[in-house]
Amino acid sequence: MRPIRPGDRGPAVREIRAVLTGLDLLAAGPSAGDEFDADTERAVRAFQQSRGLSVDGRVGAETWRALDAARWRLGARTLYHAVPEPLTGEDVRSLQERLLEMGYDVGRADAVYGVRTSRAVAQFQREMGLKPDGSCGPQTMGTLRRLGRKVVGGRPQWLRESDAIRQAGPALVGRTVVIDPGHGGTDPGVVVPDGPLRWTEADLVHDLASRLEGRLAAAGVRVQLTRGPTPHSCLPDAERAQLANSLGADVFISLHTDGHANPEAEGVATYHYGTGNGVTSATGERLAGLVQREIVARTGLRDCRTHAKTWELLRLTRMPAVRVEVGYLTSPTDRGRLVDPRFRDRLVEAIVAAVQRMYFPIERDVPTGSIDVSALRAAVAAGRRVGAN
């Protein structure tokens, strides 16, 4: 869909204003009617900020879906596992977060009432002496409201995810990593003319993804890219997440460059799934920190830190997932680095080192910048030679 932006009018704007009014982000009243005015833009920005979305004041497809989901409050309807289209909404996410807080395993609080959420509800109902049908109606809601937290001290989801990584062992051989070069097809991403040249985000991140694919494969990793160099169309983020889920990926890495009207904006930032109230993908958060620190140490890019977001790309994936903005294409300084193949090789080595460190137990972690990526490749090659003999 074309983003709805300031100055637009029509029924869609009226619907947006109604949702924002219901969320107390916009004053009630017919003063603006169906116009996307300055007050509406401020309310949209506040909504995007509160939901961990990109704050641009426009209503694109992802913000529209988030607004639609925000209509529902926990307890307003019965929740159940619907097939083939599961129920989604803020009420589902609130239920998932409540169950996680109580120690039940719903996976990620992704606002989708899927099989895992239904099983967690059924487990809760069984323990409370209710009919374990996996649906959340008035009786289950009443029991939930009467109970306090089941797990006190520590985060149960953090313990689950950390234990899964620990049990997987430190070796990269046999892991499946999905690499997502952002944009592509009809969406080139950030585009910057540079004399007779024209640099595009889609082309640069695909080259970076291809280099990363080669380095990881040499370390014994099974690698899948979400797109080729010249796709006919741009795959939506939700479908990229679904592809990673269907492949049973152990890690998902999305590569982008950033852009800004101010050419002095520069640096690298890494994003993981997380909400404003502290719910986060624990392993995604750790991977984001490792990627960020390794890139800064090995490339000298300005540190723009890690951030929690609820983007569909991060929310709907079931494995540790990060989105890395590897520099500002609109910055002459960053662009000069990004167009240098040797610099892109350093970026790739930083990401490989971060993925390896994620599988090290925390007590056996190594200093940032200390892993020799070529040694990982050599060890795998030596192992294959021994096996052949």
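What counts, and where the lines are drawn
Residues numbered from 1 in each chain as written. Predicted model: local features only at pLDDT ≥ 70, side-chain atom pairs only at ≥ 80, totals over all residues. Heavy atoms only, no water. Helix = DSSP H or I, 4+ residues; strand = E, 2+ residues; numbered from the N terminus. Buried < 20%, exposed > 50% of the residue type's maximum accessible area, 1.4 Å probe, protein only. Areas by Shrake-Rupley, 256 points an atom, 1.4 Å probe, with all protein chains shown as cover. Lys, Arg positive; Asp, Glu negative; His and termini not counted. Charge placed at Lys NZ, Arg CZ, Asp CG, Glu CD. Expected span 1.5 Å × (residues − 1). Arc of directions from axis to C-beta. Contact = heavy atoms within 4.5 Å. Pairing = 2+ DSSP bridges. Axes fitted to C-alpha atoms, helices over the stretch in contact; angles between N-to-C directions. Salt bridge = Lys/Arg side-chain N within 4 Å of Asp/Glu carboxyl O. Phe/Tyr/Trp six-rings, centres within 6.5 Å; stacked < 30°, edge-to-face > 60°. Left-handed = near helix turned anticlockwise from the far one by under 90°. Nonpolar A, V, L, I, M, F, W, Y, C, P; charged D, E, K, R; others polar.

**Q** Before we move on, can you summarise the overall build of the chain with the specific residues and values?
**A** The secondary structure content of the chain amounts to 14 helices and 8 strands. Principal-axis analysis of the C-alpha atoms places the extent of the chain at approximately 65 × 55 × 35 Å. For the chain, buried positions account for 50% of its 389 residues. As displayed, the chain has an accessible area near 18,100 Å², and 51% of this comes from carbon and sulfur atoms. Mean positive and mean negative side-chain charge positions of the chain (53 and 47 charges, respectively) differ by 4 Å.

**Q** Any chance you could break down helix 1 (residues 11–22) for me, citing the residues and the numbers?
**A** For helix 1, which comprises 12 residues, the first-to-last C-alpha distance of 17 Å matches the rise-based estimate of 16 Å (1.5 Å per residue) to within 8%. If you check which residues of helix 1 are buried, you get Val-13, Ile-16, Arg-17, Val-19 and Leu-20. In a view along the axis of helix 1, the buried residues occupy a sector of 160°, so they form one face of it. What points out from helix 1, more than 90 degrees from its buried face, is the exposed set Pro-11 and Gly-22. Buried positions along helix 1 lie against helix 2 (38–51) and helix 3 (61–69). One or two positions beyond helix 1, positive phi appears at Asp-24, with a value near 65°.

**Q** Lay out the pairing of strand 4 (residues 222–225) in plain terms, naming residues and giving numbers.
**A** Because side chains alternate across strand 4, one face comprises the buried residues Val-223 and Leu-225, and the other comprises Arg-222 and Gln-224, none of which is buried. Judged from the 4 bridges that link them, strand 1 (residues 176–181) and strand 4 form a sheet pairing that is parallel. What sits directly across from Ile-179, in strand 4, is Leu-225.

**Q** Give me the lowdown on the sheet that holds strand 1, citing residues and values where you can.
**A** On the basis of which strands lie adjacent, the open sheet formed by 6 strands has the order 4-1-5-8-6-7 and mixed pairing. Looking along the sheet, the strands with just one partner apiece sit at the ends: strand 4 and strand 7 (303–309). Neighbour-to-neighbour, the strand axes of the sheet open up by a mean angle of 20°, direction not taken into account.

**Q** Outline helix 6 (residues 138–146), supporting the account with residue identities and numerical values.
**A** Along helix 6, the residues that are buried comprise Thr-140, Met-141, Gly-142, Thr-143 and Leu-144. As for helix 6, its buried residues are in contact with helix 4 (90–101) and helix 5 (115–127).

**Q** Describe the pattern of salt bridges, naming the residues involved and giving the relevant values.
**A** Scanning all chains against the criterion turns up 32 salt bridges. One salt bridge in this structure joins Asp-345 and Arg-215, with 2.9 Å as the shortest N-O distance. Taken together, the positions of Asp-345 in helix 13 (residues 341–358) and Arg-215 in helix 8 (residues 201–218) put the pair 130 residues apart, joining distant regions of the chain.

**Q** Got a sec to walk through the packing of aromatic side chains? Specific residues and values, please.
**A** For any two aromatic rings, the description comes down to two numbers: the centre-to-centre distance and the angle of the planes. For the coordinates displayed, the defined rule picks out 2 aromatic pairs. Geometrically, the ring pair formed by Tyr-104 and Phe-124 is edge-to-face, given 5.8 Å between the ring centres and 90° between the ring planes. Remark: Phe-124 occurs in helix 5 and Tyr-104 occurs in the loop between helix 4 and helix 5; sequence separation between them is 20 residues. Overall, Tyr-104 belongs to the buried group, its relative accessible area being 2%.

**Q** So what about the packing of helix 10 (residues 282–299) against helix 13? Which residues, and what values?
**A** It is the contact of helix 10 with helix 13, at a shortest axis distance of 8 Å, that shows an interaxial angle of 145°. Crossing of helix 10 over helix 13 shows right-handed handedness. For the pair helix 10 and helix 13, contact is made by Thr-283, Arg-286, Leu-287, Leu-290, Val-291, Arg-293, Glu-294, Ile-295, Arg-298 and Thr-299 and by Phe-343, Arg-346, Leu-347, Glu-349, Ala-350, Ile-351, Ala-353, Ala-354, Val-355, Arg-357 and Met-358, respectively. Of the residues contributing to the contact of helix 10 with helix 13, the split by class is 12 nonpolar, 2 polar and 7 charged.

**Q** Just give me the short version of unusual backbone geometry, but keep the residues and values in it.
**A** Residue Pro-84 is reached from Val-83 by a cis peptide bond, and omega for that bond is 5°. Note that Pro-84 resides in the loop between helix 3 and helix 4. Within the chain, Ala-111 stands out as a residue other than glycine whose phi angle is a positive 70°. Among the structural elements, Ala-111 can be located in the loop between helix 4 and helix 5. Relative accessible area serves as the criterion here: at 11%, Ala-111 is assigned to the buried category. Positive phi outside glycine occurs at His-183, with the angle close to 65°. Positionally, His-183 belongs in the loop between strand 1 and strand 2 (191–194).

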